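Per-entry structural report
Given next are the chains, with one letter for each unit.
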Amino acid sequence: MALKMVKGSIDRMFDKNLQDLVRGIRNHKEDEAKYISQCIDEIKQELKQDNIAVKANAVCKLTYLQMLGYDISWAAFNIIEVMSASKFTFKRIGYLAASQSFHEGTDVIMLTTNQIRKDLSSPSQYDTGVALTGLSCFVTPDLARDLANDIMTLMSHTKPYIRKKAVLIMYKVFLKYPESLRPAFPRLKEKLEDPDPGVQSAAVNVICELARRNPKNYLSLAPLFFKLMTSSTNNWVLIKIIKLFGALTPLEPRLGKKLIEPLTNLIHSTSAMSLLYECVNTVIAVLISLSSGMPNHSASIQLCVQKLRILIEDSDQNLKYLGLLAMSKILKTHPKSVQSHKDLILQCLDDKDESIRLRALDLLYGMVSKKNLMEIVKKLMTHVDKAEGTTYRDELLTKIIDICSQSNYQHITNFEWYISILVELTRLEGTRHGHLIAAQMLDVAIRVKAIRKFAVSQMSTLLDNAHLVASSTQRNGICEVLYAAAWICGEFSEHLQEPQHTLEAMLRPKVTTLPGHIQAVYVQNVVKLYASILQQKEQAADMEEAQAVTQLMVDRLPQFVQSADLEVQERASCILQLVKHVQKLQAKAVPVAEEVSALFAGELNPVAPKAQKKVPVPEGLDLDAWINEPLSDSESEDEKPKAMFHEEEQRQAKHRLPEVDEEELARRREARKQEQANNPFYIKSSPSPQKRYQDTPGVEHIPVVQIDLSVPLKVPGLPLSDQYVRLEEERRHRQRLEKDKRRKKRRDKEKKGKRRHSSLPTESDEDIAPAQQVDIVTEEMPENALPSDEDDKDPNDPYRALDIDLDKPLADSEKLPVQKHRNAENAKSPEKEDVPVVEKKSKKPKKKEKKHKEKEREKEKKKEKERKGEDLDFWLSTTPPPAPVPSTDTLSANTNTDAAPKDELEEPRREAQDGEDQDQDQEKKPSKHKKKHKKEREERPKDKKRSRKKLPGSEEAPGEPVQNGALEEGPLPPMSSYSLLAENSYIKMTYGVQGSLQDSQVTVSIILENRSSSVLKSMELSVLDSLNTRMARPEGSSVHDGVPVPFQLPPGVSNEAQFVFTVQSIVMAQKLKGTLSFIAKDDEGATHEKLDFKLHFSCSSYLTTTPCYSDAFAKLLESGDLSMSSIRVDGISMSFQNLLTKICFHHHFSVVERVDSCASMYSRSVQGHHVCLLVKRGENSVSVDGKCSDATLLSNVLEEMKATLATC
Amino acid sequence: MIQAILVFNNHGKPRLVRFYQHFPEEIQQQIVRETFHLVLKRDDNICNFLEGGSLIGGSDYKLIYRHYATLYFVFCVDSSESELGILDLIQHLLIFFLIAPKVFVETLDKCFENVCELDLIFHMDKVHYILQEVVMGGMVLETNMNEIVAQIEAQNRLEKSEGGLSAAPARAVSAVKNINLPEIPRNINIGDLNIKVPNLSQFV
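Residues numbered from 1 in each chain as written. Chains lettered and ligands numbered in written order. Predicted model: local features only at pLDDT ≥ 70, side-chain atom pairs only at ≥ 80, totals over all residues. Heavy atoms only, no water.

1. Describing the overall build of chain A
A tally of helices and strands in chain A yields 48 helices and 15 strands. In chain A, buried positions account for 52% of the 1208 residues. The long-range fraction of contacts in chain A, counting pairs at least 24 apart against all pairs at least 6 apart in sequence, stands at 72%. Accessible area for chain A stands at about 56,800 Å²; split by element, carbon and sulfur atoms hold 52% of it. (Helix = DSSP H or I, 4+ residues; strand = E, 2+ residues; numbered from the N terminus. Buried < 20%, exposed > 50% of the residue type's maximum accessible area, 1.4 Å probe, protein only. Contact = heavy atoms within 4.5 Å. Areas by Shrake-Rupley, 256 points an atom, 1.4 Å probe, with all protein chains shown as cover.)

Okay, here's the thing in structure tokens:
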């Protein structure tokens, strides 16, 4: 063995380490791949060795190779081996490799669960840390489910280093296992107020990330974040919070009002640009959210815009970029304030930095008005000419279209200008956005009726010059515009000047080189054109011309019939037959124009893109129901492939037909040329057919139109858009003059009457009357379409699963899965991994006495409200309205103050309602938990009985209901921790004592029940303090003063009051004497009454239920500094299960582990003493062995326990 | 969320690749290459933000990068991160990556012509460990420099107390190997040694 070690370390000496590997790779630049494959072979050898150091070294090298792009998934198992090494050095290497290479598809990942759990509970914080870091990268749904509970426990780890990592990784766990969000959320929320800034920051980070996706669920946290924002000095945290508020304000405008002041202060005070920028961003978000309801935040807007201007003017390009980015957000709601900085933004258009130019382009969108649209677009067009690189130019193109088409072309006054801009844009080489231009052309032509004539003339020119647009192969994107051109010319053919000319242009042979879908449109629209020509000719009684057109069609359509594109082929052959039929009829001199035109009668209206989706499903129609029963599987399997195969064969045969050999083609071409030469309608001067086969002889002599590309391309015959700018100016000038004239007249009239305040004749946006109007403003939607926003939601969004209501109380089913322990294992083995985790959070309130519950609840809720103004409405309304932003108008201030008292009035009423059917809750846990449980019951009143019957013992170990719960036995009679304190004819007092770990105090809950017919008021509790035990009194009161009970008791009502006591020594039971004084008032008058009592603090009441892991428990016992004692009680008939439950309940223990008739239990005193018990069940007897850090405490507790057990 | 942290040199050679979302190796390499081409064509005096678009994640994601000497540091982040904050973070990481390894490795070869980049190359694992203390699972874990240094140092002490990965003899050998690397090229043949080792075992 020893030698093996020596051998291992000698081997080890000559292994390459990471540095050697890197050096080697650098020295083998020329044959790197070969060298690396050699290294991988070596690594494979190393991985086969037993020495873990060798393996770790190999895995480390693999991690490097992974970075270079080599797949290392084959070593996944070895990585796990290294992860499970005991040394931190190796473990760290293993986890690093795993975090780089493991993913959900790694099958061995499921082997890691136990290893990771072990590392998570490792005593070394760095083992835990490294495991958490690794897990954050490769957590899978399975791992998340199995480890969620362990990680949640780590969130309360003593080391902040672990806490912050555990908090952060919870986000990943939530993503993979959304069910864990609700159980874990309360603790996550607690961490927002963690004393360690790192943990706090991590919690903020996680919640911000969650809230970003589903902000509405986190609105209730706003007050907490507000507090953090005003108190935190960590810029990183501040930025996150401020960003979060930016996401929350759209949901709650009142929040925005509250935020403006602190944010403005931050903007003024901070020196950190990053923080300033985020503040400005959030103020903008606030302003956007307010813009609907609240007018006049101009001061804040001005502040933002002014700060942004500083950013934009900064020499730092980053600030400039961000400034523009934020500016574009203001633009959406307050375009006016941005427009004043037009100069600056236009200047940014000339920036050398493309990112900045793009941002400035975004802003232009909002800068345009009727007045300056032409000017801005002109500027952009010059940029288009200058732009290098297609991306930026394409961006420019889309922006021009966006700017012009925004809100139904509201800024366009002259559509002729716009059409010519669109036509000019077709000159762009290699743009991807041909379809955009095409869509615009179509949209404008359809929706602006007045422009159709002009559009058609432009489009026909475009068709005529199609060769310019579609000639070069790299300009393919732009040929899309021909699609629009053909359609417009066809659809609105009545506006064509020379329809026949256009028809010929559309039937040119080179059209067949266009993409199929464009050809299809050509074919279809050729017929429309044809129909209108026919009609024209027939009306003119020019039968010969009509027949000539038909002949042209018959001659040219076959070229489309041969198309390889199915759509084209189908349409062409269909139409060809139609035209041939028409030809026959024409030969008989039958007028056909009417009938052919009837094919295209009616007008097309634009339909909204989502119209189809929005048609409501008629009642009684089930879209999921089968119309015909589906065929059985066997049938379809047998038949389908056959049919498909058959069809395919046919189609192939059909297709092969046109693809004839070269000779045949040449022959046909010759024939066609012959035909063309003989055809009187063939225009020989038209541009030559596109070269289809480069090598075909005889193409050379076809005249090719040479395009001189050095001069900017101009489509001949098309007016330039610049002309329109001039024309438009003239037009406006004329309009102005006319208007002035009219105004003058009016003014003259007015002068005669009353003198009215009249403005100078400035040209405002509204004054410019557009030359053409958009006729069809709204797109058609089906009747009673459902208004919905659902269209935007992506059902596959992983964050949707986290859209969980967090304010809803936890249900029983929502507990995190906890590993169950196996019976066979040694009870005290510290190595055991299947630790029963007693989940603190899911602990349920103890059994209560029903009659008292209502009052207690009511009171608690009030108390809670007082303590934390946690309710969001309350927080938003009772605080004073935001400090006056310079011009807050009085109206808003009024509504604010009005709202506040109203809300306050509402609060108590709501509480009273809430209190009606609630269980009481005596737990002195942090109040939010209480609230949770209460609400739960509030919402499930039906479950009340069930949950009340549930035994605390069973709930303490949620994962093992069968073992620990009362299910296997009969139910235990209801237990109460309340015992009688004192009673007389007026009042009955029962009390319970509860310790709390946090402040080593005990809380006494006293239930006061009014038995008389009088109203009891002015109740006061005075207790004689002992040296050891004192009652906590309100500040400033003396030792002899009583503590008032904060409520009155009407007849027959009971309520609970709580009093806090501080105890010095808890090892002995204590008794305190006290008196309750009160006034009993009935119809006859008031009497002063007193009731004496003795408060008994048992030792058990100083114990608090604390969960404990079995390994920690084992360590505790082994540590040896605990003293031991034991008791034995005979004659016990109760089942072991119920016995344990009783101990748990009355003495505040929790079950650590239970094996058959033996159980270990743990509890902790309010002063931190550990109390461990081993309870063994014999024949009719129970023995309890206890170990405790204080012998007296232990013996007292055991005595008390003996008394309890004796009653069993 | 941070989607990826990429460090590569002026030639596009990856020096640190950390994805917080799984991509197969070849896709990772492709992303590194494309990112490299995106940032390469940008001048040094233009802004450090780049809308990556199709690369990772989509339109919500941005590339935030810094060019430092021969290295590009690129963060791919979504809109929940503060742009300027991330730029600061890169600055901090730079300090860590380039200075910290020297602190951790006692014998730093000073003959390298370009210390900065080579530190990164030879101590990729260390650099990852540093990064892990700053960013975890795509979220910023700690921004307090002192805290980060303290944790890294504590872990290194722990590693040292365990004897480290390369125990003393191995380090010595590796040092010997390094001294005259050009003169004795690859003459340490593992095959030969493998023969010797069985001999050793026969002694027992």
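2. Topic: the overall build of chain B
A tally of regular secondary structure across chain B gives 7 helices and 7 strands. When the helices and strands of chain B are placed in sequence order, the string is β-β-α-β-β-β-α-α-α-β-β-α-α-α. Going through the 204 residues of chain B one by one, you find that 54% of them count as buried. Contacts in chain B between residues far apart in sequence, at least 24 positions, make up 50% of those at least 6 positions apart. Working note: accessible area of chain B is about 9,200 Å², and carbon and sulfur atoms make up 55% of it.

3. Comments concerning the interface of chain B and chain A
With 74 residues of chain B at the interface, the matching set in chain A holds 81 residues. At the boundary of chain B with chain A, total buried surface from both sides reaches about 7,200 Å², with 58% on carbon and sulfur atoms. Where chain B meets chain A, there are 8 salt bridges. The partner of arginine 212 of chain A in a salt bridge is aspartate 78 of chain B, and the shortest N-O contact between them spans 2.8 Å. Run the count over chain B and chain A and you get 29 residue pairs in polar contact (both at pLDDT 80 or more). In terms of residues, the side of chain B that touches chain A owes the most to one element, helix α5 (residues 145-161) of chain B, which gives 7 residues. (Buried area = accessible area lost by both parts, 1.4 Å probe. Salt bridge = Lys/Arg side-chain N within 4 Å of Asp/Glu carboxyl O. Polar contact = N/O pair within 3.5 Å; in protein donor to acceptor, adjacent residues only side chain to side chain.)

4. Section: the sheet that holds strand β9 (residues 1085-1097) of chain A
Sheet architecture is open: 4 strands sit in the order β6-β4-β8-β9 (chain A), paired in antiparallel fashion. What marks the edges here is a single partner per strand, and that holds for β6 (1043-1044) and β9 of chain A. (Pairing = 2+ DSSP bridges.)

5. Points about unusual backbone geometry
All names here are of chain A. If you check the backbone angles, alanine 589 has positive phi at about 65 degrees while not being a glycine. Its place among the elements puts alanine 589 in the loop between α33 (566-587) and α34 (593-598). One non-glycine residue, serine 1018, lies in the positive phi region at around 50 degrees. Accessibility expressed as a relative area gives 48% for serine 1018, which makes it partly exposed.

6. Some points on the pairing of strand β1 (residues 2-9) of chain B
Residue and element names in this part refer to chain B. Most of β1 sits out of view: 8 of its 8 residues are buried. Taken together, the 7 bridges between β1 and strand β5 (residues 71-77) define a ladder with antiparallel strand orientation. For phenylalanine 8, the partnering residue across the bridge sits in β5 and is tyrosine 72. Adjacent in sequence and paired antiparallel, β1 and strand β2 (residues 14-19) are bridged by 4 residues, among which glycine 12 carries a positive phi angle near 85 degrees.

7. Observations regarding a nonpolar patch on the surface
Residue and element names in this part refer to chain A. A surface patch of nonpolar side chains, about 340 Å² in accessible area, is lined by Phe77, Met110 and Leu111. Its place among the elements puts phenylalanine 77 in helix α5 (residues 76-83). Given the relative accessible area of 45%, phenylalanine 77 is considered partly exposed. (Patch = residues over 30% accessible without salt bridge, like charges linked within 9 Å, V, L, I, M, F, W, Y side chains within 5 Å.)

8. Observations concerning the sheet that holds β2 of chain B
All names here are of chain B. With respect to topology, 5 strands assemble into an open sheet ordered β2-β1-β5-β4-β3, the strand pairing being antiparallel. On the outer flanks of this sheet lie β2 and β3 (49-50), each paired with one strand and no other. The sheet contact formed by β3 and strand β4 (residues 62-68) spans 2 bridges and is antiparallel. Of the residues in β4, the one forming a bridge with leucine 50 is leucine 63.

9. Quick notes on the packing of aromatic side chains
Enumeration according to the criterion identifies 16 aromatic pairs over all chains in this entry. Taking the centre distance of 5.9 Å and the plane angle of 90 degrees together, the rings of tryptophan 487 of chain A and phenylalanine 492 of chain A count as edge-to-face. Exposure remark for phenylalanine 492 of chain A: the relative accessible area of 5% places this residue in the buried category. Each member of the aromatic cluster is reached from another via a ring pair, and the members are Tyr409, Phe415, Trp417 and Tyr418 of chain A. For the cation-ring pair, arginine 18 of chain B lies above tyrosine 20 of chain B, with the distance from its terminal atom to the ring centre recorded as 5.2 Å. (Phe/Tyr/Trp six-rings, centres within 6.5 Å; stacked < 30°, edge-to-face > 60°. Lys NZ or Arg CZ within 6 Å of the ring centre and 35° of its normal.)

10. As for the packing of helix α8 (residues 125-138) of chain A against helix α9 (residues 141-154) of chain A
Residues and elements named next belong to chain A. Relative orientation of the contacting elements α8 and α9 amounts to 140 degrees, with a least axis distance of 13 Å. In terms of orientation, α8 and α9 fall into the oblique class. When the axes of α8 and α9 are compared, the crossing they make is left-handed. Mapping the contact onto sequence places Thr128, Leu132, Leu135 and Phe138 in α8 and Leu143, Leu147, Ile151 and Leu154 in α9. Split by residue class, the contact of α8 with α9 holds 7 nonpolar, 1 polar and no charged. (Axes fitted to C-alpha atoms, helices over the stretch in contact; angles between N-to-C directions. Parallel < 35°, antiparallel > 145°, perpendicular 65-115°, else oblique. Left-handed = near helix turned anticlockwise from the far one by under 90°. Nonpolar A, V, L, I, M, F, W, Y, C, P; charged D, E, K, R; others polar.)

11. Some thoughts on the environment of arginine 393 of chain A
By secondary structure assignment, the location of arginine 393 of chain A is in helix α23 (residues 390-409). For the pair arginine 393 of chain A and methionine 381 of chain A, spaced 12 residues apart in sequence, the C-alpha to C-alpha distance is 9.8 Å.

12. As for the packing of helix α47 (residues 1136-1147) of chain A against helix α48 (residues 1191-1206) of chain A
Residue and element names in this part refer to chain A. Interaxial distance between α47 and α48 falls to 11 Å at its minimum, and their mutual angle equals 135 degrees. Put simply, α47 runs oblique to α48. Considering only the axes of α47 and α48, their crossing is right-handed. Listed contacts from α48 to Leu1139, Ile1143, His1146 and His1147 of α47 are Glu1200, Met1201, Thr1204 and Leu1205. Classifying every residue of the contact of α47 with α48 by side-chain character gives 4 nonpolar, 3 polar and 1 charged.

13. Regarding the environment of glutamine 100 of chain A
When you line up the elements, glutamine 100 of chain A lands in helix α6 (residues 88-101). Since its relative accessible area comes to 8%, glutamine 100 of chain A is described here as buried. Each C-alpha atom, one on glutamine 100 of chain A and one on cysteine 137 of chain A, is 7.6 Å from the other, the two residues being 37 residues apart in sequence. Not counting residues up to four positions away in its chain, the partners in contact with glutamine 100 of chain A are Thr63 and Gln66 of chain A together with Val17, Arg18 and His128 of chain B.

14. Here we look at the confidence of the model for chain A
Residues and elements named next belong to chain A. In this model, chain A carries a mean pLDDT of 74, and residues with pLDDT of at least 70 account for 70%. For the stretch residues 823-851, pLDDT sits under 50, and the model shows 91 contacts to residues farther than four places along the chain or on other chains. Below a pLDDT of 50 lies the segment residues 879-970, which in the model reaches 183 contacts outside its immediate sequence neighbourhood of four places, other chains included. (pLDDT = per-residue confidence, 0-100.)

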